[in-house]
Amino acid sequence: MQIKIVTIFPELVESFLGASLVGKAIAAGKLAVEVVDLRSFARDRHRTVDDVPYGGGGGMVMKAGPWLRALRSVAGPDARRVLLSPQGARLDERKVVELAGWGELVLMCGRYEGVDERVRDLVVDEELSIGDYVLAGGEVAAMVVVETVSRQLPGVVGLGDSVENDSFRRGLLDYPHFTRPREIEGREVPEVLLSGDHAAVAAWRRREALRATLEKRPDLLAGAALDDEDRRILAALRGE
Ligand code: SAM
């Protein structure tokens, strides 16, 4: 998979790309990420990418010209062109899986008051938000997209850390995790996890995933893929 990030702060994104899971995915050739400096598509010697808003008011607006030239230069014919924006549909696990299915993503990072509206009309396939709050720029949002999408690519997350049980994957939260020591400050690891009984461990994890969802995010249950056994466990957890 190829991801291109268009930004006026390449250095902000580049340090992120060298580390951790994303860095390893890139080093292993499972993901290619190119950081594109929007300013290199400006046409004046000051490399200007913003201007005052029509209609007056405070703040600056990102000019259409550099964005149109950048997108037409870097986006392949089948690329999905995504503008990070607080006005977009909110990113969730379903969207992440969908984005991971594109061969090429172009992530466009706005700044200032945002991007000239005509850019959206001319070269954007979709707007994407990472939540109902306003960031200073799209770079952090682009990094969220790169990290979540890269976890979906085959071979990026090791088998032992399978993404299948991760929160939201089945519409449920993940079950609780424990590691050594067995006891800390009077708190013991649940006995069943020490039993070596794989079926009992699986049953415990299933119940605890349902319990965590019921306690922390009951809103998820309505859209979760539940079978009869899940419904029976939930009824018991609710004391029905
Ligand atoms: N005036 C804009 C508005 O209220 O809709 C906000 C502009 S914001 C200060 C500058 C840039 O940050 C945006 O163009 C966008 O690229 C990015 N951004 C801000 N909040 C975001 C969010 N929740 N999700 C994704 N990108 C965001």
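Cut-off values and rules
- Residues numbered from 1 in each chain as written.
- Predicted model: local features only at pLDDT ≥ 70, side-chain atom pairs only at ≥ 80, totals over all residues.
- Heavy atoms only, no water.
- Phe/Tyr/Trp six-rings, centres within 6.5 Å; stacked < 30°, edge-to-face > 60°.
- Helix = DSSP H or I, 4+ residues; strand = E, 2+ residues; numbered from the N terminus.
- 1 Å grid on protein atoms, 1.4 Å probe; cavity = no way out; pocket = protein on both sides within 12 Å on 5 of 7 lines; lining within 4 Å.
- Points joined across faces, edges and corners; volume = space filled by probe spheres on them.
- Nonpolar A, V, L, I, M, F, W, Y, C, P; charged D, E, K, R; others polar.
- Domains from an automatic or database assignment.

Let us look at the packing of aromatic side chains. Scanning the entire structure with this criterion turns up one aromatic pair. Between Phe178 and Trp204 the ring centres are 6.5 Å apart and the planes differ by 55 degrees, which places this aromatic pair in the tilted class. Residue Phe178 is found in the loop between helix H6 (139–152) and strand S8 (183–184), and its partner Trp204 is found in helix H7 (residues 198–216); the two are separated by 26 residues along the sequence.

Further remarks concern the layout of surface pockets. Picture a little ball the size of a water molecule; that probe, rolled over the atoms, points out where space is still empty. Estimated volume of the largest pocket: approximately 460 Å³. In this structure, the largest pocket is lined by 25 residues; those nearest its centre are Leu84, Ser85, Pro86, Glu113 and Gly114. Secondary structure elements with two or more residues in the lining of the largest pocket: strand S5 (80–90), helix H5 (117–123) and strand S7 (126–129). Sort the elements by how many residues they give to the lining of the largest pocket and S5 lands first, with five residues. Tallied by class, residues from the lining of the largest pocket come to twelve nonpolar, eight polar and five charged. Considered as a void within the structure, the second largest pocket measures approximately 390 Å³ in volume. The wall of the second largest pocket is formed by 14 residues, among which Glu93, Arg94, Phe168, Gly171 and Leu220 lie closest to the centre. In terms of residue class, the lining of the second largest pocket is made up of five nonpolar, two polar and seven charged. When we break the lining of the second largest pocket down by domain, the ones giving at least three residues each are domain 1 (2–150) and domain 2 (165–238).

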